[in-house]
Amino acid sequence: MKFSIIINTHNQEQYLERAINSCLMQKSKSYEIIIVDTSKKKNYKIRKKYNKNKVIKFIDLKTKFKHPVRDQLYKILKGLRISKGKYIALLDGDDYFSSRKLKIINNLIKKNINFICNQDRPVLINENNKNEMKKPSKKFYKNYKLFKLLINNWPQVYTTSSITVKKDILNNFFKDTNPFKWKFLAIDILLIIYCNVYYKIFNYGENITYKSINETSLDDRYANYFNKKYWIRRGEQHNYYLSLNNKKKFKGLDYYLTKFLIYLIK
């Protein structure tokens, strides 16, 4: 089997069926769908509808951690352990794929024998206004050597649902990094930085992932410079990067500014 799609979901019943259907419509047929669910009210109607579909597996879990990003990691790890695909496509329960996604990624894999991890550029969907669609801007300045030297050397991160990664690498990530140590860092940040330090990341494909912006989204609380959690998470990100990058302990201006602001906040 080529791909395992791991859908992690929590109280996203209104979006989950859309996510499942987008996977079932894939033009590449060598895949399985693993849905890992920590919802308080299990999605029985959805399960009944797809119960006879042998491509789909449901895993029920109870919420284990106080912080949602840790629970997301927990669900993905559980799905990974039973997965059979050579490559893992991650999908949040409120997001969805273009029907071309796996075919496009498969073509990328064929062209690149050293394929490790791909991050495609998603389309952002405002659930309150379906006509409002946009793409996150490309941060070209992250490629400048001076920026990497003086500020930080983090790659741009889009969203969990944009990531397709080789199964062996995802297993290594969980073994090597102790990702549950970090309270505020989601798997997209953790995994992309990990692959950037040790492997090669492909940034390939547009309009093949659709990220939902809705009331369950966690991003807003971390996108505000005036929010305490923004700086705490940024501090964790610096510490995580330094914990991986043992050969380069250089700390840019961003590191010292973040530490200073966290000190003031506390």
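Since the model is a prediction, treat every value here as computed from it, not as a measurement. (Residues numbered from 1 in each chain as written. Predicted model: local features only at pLDDT ≥ 70, side-chain atom pairs only at ≥ 80, totals over all residues. Heavy atoms only, no water.)

Peer 1: Break down the pattern of salt bridges for me, citing the residues and quoting the values.
Peer 2: Taken as a whole, this structure holds 10 salt bridges when the rule is applied. Ionic pairing is found between Lys-57 and Glu-32, a salt bridge with its closest N-O pair at 3.3 Å. Here Lys-57 is found in strand S3 (residues 56-60), whereas its partner Glu-32 is found in strand S2 (residues 31-37), with 25 residues between them in sequence. The structure contains a network of salt bridges with shared partners spanning Arg-121, Lys-135, Lys-138 and Glu-206. (Salt bridge = Lys/Arg side-chain N within 4 Å of Asp/Glu carboxyl O. Helix = DSSP H or I, 4+ residues; strand = E, 2+ residues; numbered from the N terminus.)

Peer 1: Report on the sheet that holds strand S8 (residues 133-134), specifying residues and quantitative values.
Peer 2: Overall, mixed pairing links the 4 strands, which are arranged S5-S11-S7-S8 in an open sheet. The strands lining the two open edges of the sheet, one partner per strand, are strand S5 (96-97) and S8. In the sheet, strand S7 (residues 121-126) pairs with strand S11 (residues 206-213) via 5 bridges, with the strands oriented parallel. From the neighbouring strand, Ile-125 faces S11, where its bridge partner is Ser-212. (Pairing = 2+ DSSP bridges.)

Peer 1: Describe the pairing of S2, listing the residues and the values that go with them.
Peer 2: In terms of burial, S2 is largely enclosed, as 7 of its 7 residues are buried. Judged by which residues are buried, S2 turns out to be covered on both faces: Tyr-31, Ile-33, Ile-35 and Asp-37 on one side and Glu-32, Ile-34 and Val-36 on the other are all buried. Where strand S1 (residues 3-9) lies against S2, 7 bridges are found, and the strand directions are parallel. Bridge pairing in S2 places Ile-7 opposite Ile-35. Viewed along the sheet, the connection from S1 through helix H1 (residues 13-24) into S2 turns out right-handed. The parallel pair S2 and S3 is bridged by helix H2 (residues 44-50), and the resulting crossover is right-handed. (Buried < 20%, exposed > 50% of the residue type's maximum accessible area, 1.4 Å probe, protein only. Right-handed = clockwise from strand over helix to strand, strands pointing away.)

Peer 1: Give a detailed account of the state of the cysteines, specifying residues and quantitative values.
Peer 2: Here the structure, examined in full by the defined rule, presents 0 disulfides. There is no disulfide at Cys-117, and the cysteine sulfur nearest it, in Cys-195, is 4.1 Å away. With a relative accessible area of 0%, Cys-117 lands in the buried category. (Disulfide = S-S within 2.5 Å.)

Peer 1: Quick rundown of the sheet that holds S1? Include the residues and the values.
Peer 2: Strand order in the open sheet formed by 7 strands is S3-S2-S1-S4-S9-S6-S10, and the pairing between neighbours is mixed. Only two strands of the sheet have a single partner each, and these edge strands are S3 and strand S10 (201-202). Sheet contacts for H1: S1, S2, S3 and strand S4 (87-92); angle to S2, the most-contacted strand, approximately 165 degrees. Of the strands in this sheet, S4, strand S6 (117-119), strand S9 (163-166) and S10 touch helix H7 (residues 187-198), which is tilted by about 50 degrees from S9. (Contact = heavy atoms within 4.5 Å. Axes fitted to C-alpha atoms, helices over the stretch in contact; angles between N-to-C directions.)

Peer 1: Just give me the short version of the side chain of Asp-94, but keep the residues and values in it.
Peer 2: For Asp-94, the location among the structural elements is in the loop between S4 and S5. Despite being buried, Asp-94 has no salt bridge partner; Lys-211 is the closest side chain of opposite charge, sitting 6.1 Å away. Within the local environment of Asp-94, its side chain forms a polar contact with the side chain of Asn-214, the two groups lying 2.9 Å apart. (Lys, Arg positive; Asp, Glu negative; His and termini not counted. Polar contact = N/O pair within 3.5 Å; in protein donor to acceptor, adjacent residues only side chain to side chain.)

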